[in-house]
Amino acid sequence: MSGVEKFLFTERPLEHMLVVSSILFCCGLLTIITRRNAVSILMGVELVLNAANLNFVAFSQFGGRGPDGPTVVLFVIILAAAEAAVALAIIIGIYQNFGRVDVDAATLMKE
Amino acid sequence: METSKLLVNVIFYAVAAFAVVSAFGVALSKNIVRSAFALLAVLFSAAALYALMKADFIFAIQILVYVGGILVLIIFAIMLTQRIVDVNLSNPSVPTAPAVAVVICVLLILVGVLLANSGELPKATAPQAVADKPMTSVVGEMLMRDYLYPFEIVSVLLLACLIGAAFLARKEVKEG
Amino acid sequence: MEDSLLRWIVLLPFLGFAVNLFLGRFLPRLMVGVIACGTVAGSCLLSLFTFIKVANAHSPTTGSLFPWDWISIAGKNGFTIDWGLQADALTTVMLLVVTFVGFFIHLYSYGYMHEEKRFSRYFSFLNLFSGFMLLLVLAKNLLGMFVGWEGVGLCSYLLIGFWFDDKAKGESNSAAGMKAFVVNRIGDWGFTVGMLLLFVTLGTTFGIWTLDIPTIRETVTANADQFKGPLAGTLLAVTIMLFVGATGKSAQIPLFVWLPDAMAGPTPVSALIHAATMVTAGVYMVCRMGFLYHLSVGGSAVVAVIGGLTAIFAATIAFAQYDIKKVLAYSTVSQLGFMFLAAGVGAYAIAIFHVVTHACFKACLFLGSGSVIHGCGGEQDMRKMGGLRKYMPITFWTFVIATGALAGLPPLAGFFSKDEILLSAATTHQIPLWLGRSLWVVGSLAALGTAFYMTRCVMMTFGGEYRGGLESSGHGHGHDDPQSHGHGHGHGEPHESPWTMYVPLIALGILSIAVGFLGTPWKPWFTDFLHSSFEYTGEHPHPQATTMYTLMAIATGVAVVGIYGAYFMLWKRPEIAKGFVDRNQELYELVRDKYRVDEAYDAAVVQPLLALNVACGRFDNNVIDGAVNLSGTSTEKAAHFWGSFDNEVVDGAVNGVADGLMAAGSGVRRVQTGNIRTYIMLALIGAVLLFAVFAFVVIVPKWLS
């Protein structure tokens, strides 16, 4: 039981955190790429930002560079909020004009 | 104490697993409401992870802003754009299988790079903030000192977004 | 000896030719006649002077026609050909013959051609002929002689075809002229080959490149052994080729066919050219080059045999002719055969003697026939004549004298010359004696025939009663007479000719009697005079007196038998001749048709040549024009091909590139979907690929090391 004990009783190394954030990042990418709904795409974007935040915080815990990590995360969250507000306003606008929020159908600007 | 360490690890892995599963739920769910709630779960898990990483200020902000603000907005938007319930996952723009394949490749790359350079990653140290002061005050001070310029710009940006969003979302009375 | 006047013998007639040709149209007829006859008379006088000079000096006179050289080639093997003239004994004799007889014939022509509208043209041609003939005789080198040789051929053509515009016979007249020219040409080829062969032989063997006759004579006689030995074959070839030229010019077998047709020309022309002068050019040439024939037994034999055969062959044809001029033509051919017979057996001087006597009596006969034709209003067929002795006594008597001379009746001229020929043949040293003796037999038979047919001719023409169509009224519509051109005289009955015509007849008749005495065996002045020209023959023992007298008697007997036989068979008892003819109808017809030689030549030579002509024409049309057309069409096709190639292949390539690019473009264009998610996808794919590349380049070697 020494390996498992070791595993369970030591503090987690940085890699594990980063792996988790990588997985979250890839899930976010997948959402962005494959979904047709504009709101779903927005949700994917949020996932990606969250993964980045996790990275920042993880590194700040292990890097010892002061409160830079969390500060940046703060800014990211603020910006994410602003961006989500605007994006959703646009989506609502599109829905009101076209009746649907299918991104594949929104080809009016293509020509 | 080993017991506390054990507890911390167990909680860490449990929360991490929950986050990963929820993320998969966001990506793959056919029902958009279900994916919204999966996102909720992810955000909560992220907050928990922040707490476990001794970033208590961020934990609070995450809950307050992300979950309470952004996610609520998203759910509102979903409710308002109702006719999207019958949208299915596959779409002609990007076929599913190649997308999944590519994303898995990206994941593998990231993890591979990470593991390959694991020797050069910094080791754990105790963050200063916990030792001396609460993180909130430290971040506050940083905002007023090192990050003053971004802080001001962000406030302007927030103002612009506010006005813009309000303008964009108003009902067009004249056109019909 | 130099004589600067020598050239005027040749140039005077040429001068007359030029004046009459260009100015004759504007001059009155008398003037034209005076110019023409005057120039020939001048040459005659000059020839007389030359004769006296040469006779006194016993050596030749030389001169030059033009003082400059004609051809001059420098170098080791170079040579010069000038315009040299030489008058030795042989030449002076010929000069006298040509100019004397020529003068009389010019005079005769003045009366004969009085009605002719192209009067001056005729006389200019006659003068031209005289000039060329004199050049031929006087020339010192072979090339100069050849110029004269060809020139007389040309004039013969011009004069034979003189009436080419005659409505009835114009085409056959010009055809006869062409025939003469072409057949002569064949002979000229032989002459040229012989001349050049001699030239080359002398040059390569002895290093002497010349065509000068005295030089050639010296070289040949000095190297006589070589010419009898190793060069004998070449000499034989030379002599035979030169003789071929002579057969063409002097109408021997096989090139005699032009002479009878040449009777289509005016009668004075026949007299001058085809009796006295041009046809004797061949004999002159053989005698002039006698030193060659003297050294070649084979060559001499050929000459003698051909001469003998021609003599008897032509004589037999004359038996069955009805046209008076044709009879005289074949008689000429026969007599020329005698001359060549003499030359062939080595008796060159005798041959020339016969030339002289023949010229006199044959010219007399021709002019007499011309007078007969004129008097009968253009009629030439003897069957329509007869009894003319009453109407034209002068013509009759001169004709009879000339006939006797021709037949060989002593003491007329022909007897002496013909007898000498036969004597030489029987006692020859030049060719094998058996051949000579056989030729004596042949010659005697020919003489018999000559007497026979000439008597027949005289009897038919002058004897009995007039059978022709000219009685009290009516015009004659004959062929030869100039009166048939334009207006007829309407004389009525046959009549004697004007003085310009019968004076020459009388003169020539006297000559026919007198000339013979120049060369009698007892006083051979003639042959002695010519001895200086024929020194190379050397001295031969005189034939024995018995031989000589025997042969003389035989010759006389032959002549008498011939004459009496003709009188008996044709006149007294015509049924004998008629019976003979009826029994041998085919033979008679064969002889009358001149053994169909002309037809044979036509089939063997003329028709194939014409066919070749047509074939060449067709070849030119089909093959050459076809080739040209083919190149044209093939160029056109090539142009089409290249055009379509350019259109399809080149343009196709260009268009293909454009189309390919467009297809590629439209293919590639589909990347730009405008869909951002696609872009993200592509960016991710790109990032993955980049990482893969990076991994393989950097990571893998790291792992391996």
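Residues numbered from 1 in each chain as written. Chains lettered and ligands numbered in written order. Predicted model: local features only at pLDDT ≥ 70, side-chain atom pairs only at ≥ 80, totals over all residues.

**Quick word on the overall build of chain A**
Phase 1: Helix and strand content of chain A: 4 helices and 0 strands.
Phase 2: Expressed as a percentage of the 111 residues in chain A, the buried residues total 51%.
Phase 3: Considering only contacts in chain A between residues 6 or more positions apart, those separated by 24 or more positions represent 48%. (Helix = DSSP H or I, 4+ residues; strand = E, 2+ residues; numbered from the N terminus. Buried ≥ 20, exposed ≤ 12 C-beta atoms within 10 Å, placed from the backbone. Contact = placed C-beta atoms within 7 Å.)

**What to know about the overall build of chain C**
Phase 1: For chain C, the helix and strand inventory stands at 27 helices and 2 strands.
Phase 2: In chain C, which comprises 705 residues, the proportion classed as buried is 49%.
Phase 3: Relative to all contacts within chain C whose residues are 6 or more apart in sequence, the contacts with residues 24 or more apart total 80%.

**Section: the interface of chain A and chain B**
Phase 1: Contacts between the two partners involve 62 residues from chain A and, on the opposite side, 80 residues from chain B.
Phase 2: Counting residues per element, the ones that place at least two in the side of chain A that touches chain B are helix 1 (2-9), helix 2 (14-34), helix 3 (38-63) and helix 4 (68-98) of chain A.
Phase 3: Ranked by residues supplied to the side of chain A that touches chain B, first place goes to helix 4 of chain A with 20 residues.
Phase 4: Residues belonging to the side of chain A that touches chain B are distributed by class as follows: 41 nonpolar, 14 polar and 7 charged. (Nonpolar A, V, L, I, M, F, W, Y, C, P; charged D, E, K, R; others polar.)

**Quick look at the interface of chain B and chain C**
Many authors give the size of an interface as the accessible area that is lost as the parts come together.
Phase 1: Taken together, the 7 residues of chain B in the interface contact 9 residues of chain C.
Phase 2: Grouping the constituent residues of the side of chain B that touches chain C by class yields 6 nonpolar, 1 polar and no charged.

**Looking at helix 4 (residues 119-138) of chain C**
Phase 1: An ideal rise of 1.5 Å per residue puts 28 Å on 20 residues; helix 4 of chain C measures up with 29 Å between its terminal C-alpha atoms.
Phase 2: For helix 4 of chain C, the tally of buried residues reaches 19 of 20 residues, placing the bulk of the element in the interior. (Expected span 1.5 Å × (residues − 1).)

**A closer look at the confidence of the model for chain C**
Phase 1: Mean pLDDT over chain C: 81, with 93% of residues reaching 70 or higher.
Phase 2: Both scores are given for the predicted complex: the pTM is 0.62, the ipTM 0.85. (pLDDT = per-residue confidence, 0-100.)

**Comments concerning the nonpolar core**
Phase 1: A351(C), I352(C) and A363(C) are the most contacted members of the largest nonpolar core, which has 209 residues in total.
Phase 2: No other element matches helix 16 (residues 348-375) of chain C, which puts 18 residues into this core.
Phase 3: Core analysis: the second largest hydrophobic core is formed by 74 residues, F62(A), A87(A), A46(B) and A99(B) among them. (Core = buried A, V, L, I, M, F, W, Y, C linked by C-beta atoms within 7 Å.)

**Points about the environment of R36(A)**
Residues and elements named next belong to chain A.
Phase 1: Following the sequence through the fold, R36 ends up in the loop between helix 2 and helix 3.
Phase 2: Owing to 22 C-beta atoms within 10 Å, R36 belongs among the buried residues under this scheme.
Phase 3: Taking the C-alpha atoms as reference points, R36 and V103, separated by 67 residues in sequence, lie 5.6 Å from one another.

**Regarding the packing of helix 19 (residues 413-426) of chain C against helix 20 (residues 433-462) of chain C**
Residue and element names in this part refer to chain C.
Phase 1: At a minimum axis distance of 7 Å, the contact between helix 19 and helix 20 shows a crossing angle of 155 degrees. In terms of their interaxial angle, helix 19 and helix 20 are classed as roughly antiparallel. Between helix 19 and helix 20, the residues in contact are K418, I421, L422, A425 and A426 and G436, R437, L439, W440, G443, S444 and A447, respectively.
Phase 2: When grouped by side-chain class, the residues that make up the contact of helix 19 with helix 20 number 7 nonpolar, 3 polar and 2 charged. (Axes fitted to C-alpha atoms, helices over the stretch in contact; angles between N-to-C directions. Parallel < 35°, antiparallel > 145°, perpendicular 65-115°, else oblique.)

**Some details on unusual backbone geometry**
Residues and elements named next belong to chain C.
Phase 1: The omega torsion across I253 and P254 is 5 degrees, close enough to zero to call that bond cis.
Phase 2: Relative to the assigned elements, P254 resides in the loop between helix 9 (232-249) and helix 10 (258-261).
Phase 3: Look at A251: it is not a glycine, yet its phi comes out positive at around 55 degrees.
Phase 4: Inspection of the secondary structure assignment puts A251 in the loop between helix 9 and helix 10.

**Here we look at the packing of helix 3 (residues 89-112) of chain C against helix 21 (residues 499-514) of chain C**
What describes two packed helices is the angle between their axes and the distance between those same axes.
Residues and elements named next belong to chain C.
Phase 1: Packing of helix 3 against helix 21 brings their axes to within 7 Å, and their N-to-C directions diverge by 155 degrees. By the angle between their axes, helix 3 is roughly antiparallel relative to helix 21. As helix 3 packs across helix 21, the resulting crossing turns out to be left-handed. Facing helix 3, whose interface residues are F104, I105, L107, Y108, Y110, G111 and Y112, helix 21 presents T500, M501, P504, A507 and L508.
Phase 2: Broken down by class, the residue content of the contact of helix 3 with helix 21 amounts to 10 nonpolar, 2 polar and no charged. (Left-handed = near helix turned anticlockwise from the far one by under 90°.)

**Structural notes on the environment of W83(C)**
Phase 1: With respect to the helices, strands and loops of the structure, W83(C) is situated in strand 2 (residues 79-87).
Phase 2: In sequence terms W83(C) and W68(C) are 15 residues apart; their C-alpha atoms lie 7.2 Å from each other.

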